[in-house]
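# A structural walkthrough
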Amino acid sequence: MRISRLGLPFILLALITICLLMLTFPQSSWDAAVRGLSIWWDVLFPSLFPFFVISEVLLGFGIVHFLGKLLDPFMRPAFRIPGSGGFVAAMGFAAGYPVSARLTVKLREQKLISRVEGERLVSFTTSSDPIFLIGAVSVGFFHNPRIAGVLALAHYGGSVVIGLFMRFYKRRDQEQPASGTSGTTGTGPASMNSSTPAEIRRVPRLKAALLAMHEARIADGRELGQLLSQAILTSLRLMTVVGGLVVFFSVFLEILSASGAMAVLYEGLQRLLPLLGLPSSLAEPFMSGIFEVTLGAKNAAAAPDGVPLAYKAAAAAFILSWGGLSVHAQVASILNATDLRYTPFLVARSIHAVLSALLLLLLWPFFGPDSSRADTAFAGWGGRNASYAWQASAGNLGYGIKLIAVMLILSILVILIQKFRTRRLARRPKR
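Residues numbered from 1 in each chain as written. Predicted model: local features only at pLDDT ≥ 70, side-chain atom pairs only at ≥ 80, totals over all residues. Heavy atoms only, no water.

### Re the layout of surface pockets
- Within this model, the largest pocket holds a volume of roughly 780 Å³.
- As for the largest pocket, its lining consists of 39 residues, of which Ile39, Glu292, Val293, Thr294 and Leu295 are closest to the centre.
- Looking at the lining of the largest pocket, the elements that each hand over two or more residues are helix H2 (26-61), helix H7 (130-141), helix H12 (224-259), helix H14 (283-291), helix H15 (293-301) and helix H17 (324-335).
- Per-element tally for the lining of the largest pocket: the top contributor is H2, with eight residues.
- Partitioning the lining of the largest pocket into residue classes produces 19 nonpolar, 13 polar and seven charged. (1 Å grid on protein atoms, 1.4 Å probe; cavity = no way out; pocket = protein on both sides within 12 Å on 5 of 7 lines; lining within 4 Å. Points joined across faces, edges and corners; volume = space filled by probe spheres on them. Helix = DSSP H or I, 4+ residues; strand = E, 2+ residues; numbered from the N terminus. Nonpolar A, V, L, I, M, F, W, Y, C, P; charged D, E, K, R; others polar.)

Shown next, in the form of structure tokens:
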């Protein structure tokens, strides 16, 4: 993200102001920095680092290319994204922000997707991970595991809706990806350039996927030890950036609160919320959630007892879908390495936040804790250790594998429907 000449003085002024506030409130700054570092080590590092390493290794071995060929029949008609984006979607939904941004950048670097496709992909696959939504928010903050079902429907359902909307983003200005990525049934870059359409259609999809994986592995050429070591080093560098941004925004939010600036923002939002039909006491959760997702969700659950539970959950859905400026800064720093633009992501997050809150309020009478159809699938979480620690990585990886399996089933169904329609048209008598 390039800084304009007009914006540079404002940024310098903001940085100077932050430094002065840190000198004015040293103890608050120190406590916030320690708290941010604790969140990074206890929450983000164990949940994100394994996904970064595994994703790098899977890309090097060509597994993503293999899955891309198999998922292409579902991803292209649904989201106008190559099948390799299905892997990004599964890992993004399972591991949470900002995993999908990192994987999208890797696909763009390998020219598996175009710029427009990358911007579509990162816009709807950036979400909260299930373990955080269930264990931390529903159980840890709300102390009500029955909220997890309706909260997940609103949050992830909103992501899917955003993905369907984003398929129309720059539809007429579609940039063609590199050779070998635009076809759906080819066997790889080389074969797709040399084969005729009739020959490509004869290649079985599974064989095409295996050949794509083989060609990707040959093109990478790194041994397992070298691939693993480079994946670890790259992931550690990225986790350092993520940790630095988390600590910075933790300190930034704390000094704003200590200086009284947040109280002014709260008061302004308290006047606006009643105009939208929302309780004014939700001003603090919304405002803190704009900056940091964990604190915002916690404040939403801790809102006064007079606020209906449905509105508290809607505020949490809004905050989870927005992601907080800390997550936005992480995604922007990752996208900065490529030609992918941040603006589509910002617009999509804003729409997703409002859409998720509305979806939750619409679904609440049917799936809320007070309804007869309340989802009891997460009720067992109340008796478990709901702390968000190192076991979150294994749980999220399981969700990712399940999502890939579901998308593979959907791809198979699309293929069967296409074959059925082709045979039906072939049997029609010619006039």
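### Thoughts on the packing of aromatic side chains
- With the rule as written, the count across this model stands at 13 aromatic pairs.
- Look at Phe249 and Phe252: their rings are 6.5 Å apart centre to centre, the planes differ by 85°, and that puts the pair in the edge-to-face class. Taken together, the residues Phe249 and Phe252, both in helix H12 and three residues apart, mark about one turn of the helix. Side by side, Phe249 and Phe252 carry an identical accessibility label, which is buried.
- Between the aromatic rings of Phe286 and Phe318, the centroid separation amounts to 5.2 Å while the plane-to-plane angle is 80°, which identifies the pairing as edge-to-face. Of the two residues, Phe286 sits in helix H14 while Phe318 sits in helix H16 (residues 309-322), which places them 32 residues apart along the sequence. Both residues of the pair, Phe286 and Phe318, count as buried. (Phe/Tyr/Trp six-rings, centres within 6.5 Å; stacked < 30°, edge-to-face > 60°. Buried < 20%, exposed > 50% of the residue type's maximum accessible area, 1.4 Å probe, protein only.)

### Re the nonpolar core
- In terms of nonpolar packing, the biggest core is built from 111 residues, with Met91, Val99, Leu107, Leu151, Leu320 and Leu360 touching the most fellow members.
- It is H12 that provides the largest number of residues to this core, a total of twelve residues.
- Non-local contacts of Leu360, meaning those with residues more than four positions away in its chain, are made with Val150, Leu151, Ala154, Ala310, Ala313, Ala314 and Ala317. (Core = buried A, V, L, I, M, F, W, Y, C linked by side-chain atoms within 4.5 Å. Contact = heavy atoms within 4.5 Å.)

### Concerning the side chain of Ser288
- Of note, Ser288 is situated in helix H14.
- The class of Ser288 is buried, set by a relative accessible area of 1%.
- Among the polar contacts listed, one links the side chain of Ser288 to the side chain of Asn299, at a separation of 3.0 Å.
- Residue contacts for Ser288: discarding those within four places in its chain leaves Leu253, Tyr266, Leu295, Gly296 and Asn299. (Polar contact = N/O pair within 3.5 Å; in protein donor to acceptor, adjacent residues only side chain to side chain.)

### A few points about the side chain of Thr126
- When you line up the elements, Thr126 lands in the loop between helix H6 (115-125) and H7.
- Assessed through its relative accessible area of 2%, Thr126 is described here as buried.
- Engagement of the side chain of Thr126 in a polar contact is seen with the backbone oxygen of Val122, the distance being 2.9 Å.
- Contact partners of Thr126, with chain neighbours within four places excluded, come to Tyr97, Ser100, Phe345 and Arg349.

### Quick notes on helix H18 (residues 343-367)
- The first and last C-alpha atoms of H18 sit 34 Å apart over 25 residues, in line with the 36 Å expected at 1.5 Å per residue.
- The largest bend along H18 measures about 30° and falls at Leu361, with the proline Pro365 one to four residues further on.
- Taken together, the buried positions of H18 are occupied by Pro344, Phe345, Ala348, Arg349, His352, Ala353, Ser356, Ala357, Leu360 and Trp364.
- Here the buried face of H18 lies against H6, helix H8 (147-166), H16 and H17. (Expected span 1.5 Å × (residues − 1). Bend = angle between axes of the 7 residues up to and from the residue.)

### Side note on the pattern of salt bridges
- The tally for this structure, following the rule as stated, stands at eleven salt bridges.
- The shortest N-O distance in the salt bridge between Asp72 and Arg76 comes to 2.9 Å. In this pair, Asp72 and Arg76 both sit in helix H3 (residues 63-79), four residues apart, roughly one turn of the helix. Grouping residues by exposure puts Asp72 and Arg76 together as buried.
- The salt bridge partner of Lys106 is Glu109, with a shortest N-O separation of 3.8 Å. Of the two residues, Lys106 and Glu109 are both situated in helix H5 (residues 99-109); the distance of three residues between them amounts to about one turn of the helix.
- Lys106 gets classed as buried once you look at its relative accessible area, which sits at 15%.
- Residues joined by salt bridges that share partners form a network here, namely Glu56, Arg102, Lys106 and Glu109. (Salt bridge = Lys/Arg side-chain N within 4 Å of Asp/Glu carboxyl O.)

### Some points on the environment of Leu265
- With respect to the helices and strands, Leu265 occurs in helix H13 (residues 261-272).
- The class of Leu265 is partly exposed, set by a relative accessible area of 36%.
- For the pair Leu265 and Ala283, spaced 18 residues apart in the sequence, the C-alpha separation amounts to 8.6 Å.

### Considerations on unusual backbone geometry
- Here the residue pair Tyr97 and Pro98 is connected by a cis peptide bond, since its omega of 0° sits within 30 degrees of zero.
- As for its position among the elements, Pro98 is in the loop between helix H4 (84-95) and H5.
- Positioned with a positive phi, Lys111 is a non-glycine residue whose angle comes to about 60°.
- Its location among the elements puts Lys111 in the loop between H5 and H6.
- Look at His143: it is not a glycine, yet its phi comes out positive at around 55°.

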